[in-house]
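# Examination of the molecular architecture
In case you want the letters, here they are:
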Amino acid sequence: MEEKELQIEIDNGSGFCFGVTTAIKKAEEELGKGTTLYCLGDIVHNGMECERLRQLGLVTIDHQQMEQLHNVKVLLRAHGEPPATYELARRNNIEIIDATCPVVLQLQKRIKKQYEAGRASIVIFGKKGHAEVLGLEGQTEGKAIVIETFDDAKQLDFAHDIYLYSQTTKSLDEFHRIIDYIQEHISPEATFRSFDTICRSVANRMPSISQFASRHDLILFVCGRKSSNGKVLLNECKRINPNTHLIEGPKEIDATWLQGIETVGICGATSTPKWLMEQCRDEIEKMRE
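Residues numbered from 1 in each chain as written. Predicted model: local features only at pLDDT ≥ 70, side-chain atom pairs only at ≥ 80, totals over all residues. Heavy atoms only, no water.

### Things to note about the pairing of strand E3 (residues 58–61)
What counts, and what does not: Strand pairing follows a simple DSSP-based rule, namely that at least 2 bridges must link the two strands. Elements are defined by DSSP. Helices are runs of H or I of four residues or more, strands are runs of E of two residues or more, and each kind is numbered from the N terminus. By convention, orient the strands away from the viewer: a clockwise path from the first strand over the helix to the second makes the crossover right-handed.
Pairing between strand E2 (residues 37–40) and E3: four bridges, direction parallel. Looking at E3, one finds that Leu-37 is bridged to Leu-58. What joins E2 to E3 is helix H2 (residues 47–55), and the crossover it makes is right-handed.

### A short note on the sheet that holds strand E1 (residues 7–10)
How we decide: Angles run from 0 to 180 degrees between N-to-C directions of axes, and those axes are lines fitted to C-alpha atoms, restricted for helices to the stretch in contact.
Strand order in the open sheet formed by four strands is E1-E12-E10-E11, with parallel pairing between adjacent strands. Of all strands in the sheet, those with a lone pairing partner are E1 and strand E11 (244–247), marking the two edges. Across the sheet, the mean angle separating the axes of adjacent strands is 20° when strand polarity is ignored. With four bridges joining them, strand E10 (residues 218–222) and E11 adopt parallel strand pairing. Along E11, the bridge assignment pairs Ile-219 with Thr-244.

### Digging into the pattern of salt bridges
Rules: The term salt bridge refers to a side-chain nitrogen of Lys or Arg lying within 4 Å of a carboxyl oxygen of Asp or Glu. Three labels apply to residues, based on accessible area from a 1.4 Å probe with only protein chains included: buried if under 20% of the type maximum, exposed if over 50%, partly exposed otherwise in between.
One pass over the full model with this rule turns up 18 salt bridges. With its nearest N and O atoms 3.0 Å apart, the salt bridge here joins Lys-33 to Glu-30. For Lys-33, a relative accessible area of 55% translates into the label exposed. The class for Glu-30 is buried, based on a relative accessible area of 9%.

### Section: the sheet that holds E2
Two orientations exist for strands paired in a sheet by backbone hydrogen bonds: parallel and antiparallel. Selection rule: The criterion used for residue contact is that any of the two residues' heavy atoms lie within 4.5 Å.
Spatial ordering of the open sheet is given by E3-E2-E4-E5, a layout of four strands whose pairing is parallel. The sheet is open, and its two edges are formed by E3 and strand E5 (95–98), each paired on a single side. When strand polarity is set aside, the average angle formed by the axes of neighbouring strands in this sheet is 35°. Two elements, E2 and strand E4 (residues 73–76), share four bridges in a ladder whose sense is parallel. Each bridged residue has a counterpart across the sheet, and for Leu-37 the counterpart in E4 is Lys-73. Here helix H1 (residues 18–32) sits on the sheet in contact with E2, E3, E4 and E5, set at roughly 165° to E4. With respect to the sheet, helix H4 (residues 83–91) is in contact with E2, E4 and E5, its orientation differing from that of E5 by roughly 145°.

### Some details on the pairing of strand E12 (residues 263–268)
The element E12 is largely enclosed, with a buried count of six among its six residues. Alignment of E1 against E12, held across four bridges, turns out to be parallel. Note that in E12 the partner of Gln-7 across the bridge is Thr-263. Looking at chain direction, E10 and E12 are connected through five bridges and run parallel. From the neighbouring strand, Leu-220 faces E12, where its bridge partner is Ile-266.

### Details of the nonpolar core
What counts, and what does not: Joining through side-chain atoms within 4.5 Å is the link that ties buried Ala, Val, Leu, Ile, Met, Phe, Trp, Tyr and Cys residues into a set, and such a set is a nonpolar core.
Counting 19 residues, the largest nonpolar core has Ile-147, Leu-156, Ile-162, Leu-164, Ile-178, Ile-182 and Phe-192 as its most contacted members. Among the elements of the structure, strand E6 (121–125), helix H7 (150–153), strand E8 (162–166) and helix H8 (172–185) are those that each provide at least two residues to this core. Setting aside residues no more than four positions away along its own chain, Ile-162 makes contact with Ser-121, Val-123, Leu-156, Asp-157, Ile-182, Ile-186, Thr-191, Phe-192 and Arg-193. Core analysis: the next-biggest nonpolar cluster, separate from the first, contains 16 residues, Ile-24, Leu-37, Cys-39 and Cys-50 among them.

Function-wise, these values are silent; they only describe arrangement.
Structure representation (structure tokens):
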């Protein structure tokens, strides 16, 4: 019996978000001038894209290494940085190439303004230690309270004013559950305000990725294992289609997954480059030859 031709679709909505695209473009422009460019932290949570840029000359450093540098150029990636990083750059005469995502920058300004106004506890729904969250905490001199889950919200002090913000890549549904919980428990004497600071280019991917996952027999979710946004989208794919596999690149594709399969959907996170999803498609086509 002749095997049916396998249909492979790459999700149009997957791939770099605006912030990541801009950061990579800025890095490529600087590297094109032939100057040495340092990047504070991985420019994107994707090992293969980081390797591609490393080959173009991008040098990834951490905060400790930055303290040793003087009179160089350092790129700040889309996640943003706390004020202390800019302070260090001034001291060491480092030229900052600032690729902080405009959505994150706006959020930093709002939190800083609110912190300086005083009174309320500033609560951030986000992942502790995540680069974006560290940048947000820095606006409050480290005094913001970070909650990672709905259950963490139960530990808040409801006798005081609470101003709630969110890391830009968190789940919209969980954020709304937290808002509802705080509204129910806040003291009548205290003020509660929430600010929906979740990036729409991320939040809007949820319904479209659900639809995409439901259309295929097999889903290959291409993503670096460090990506926060990737975890959220991967879980949504698995919820809709249990036959979903997380892979970092074409080498991780297992030929047995393709047995009895008619359609494959390839998708990814805001940190997944289009070229990597295309490589995964090419690998499947090679396996079928």
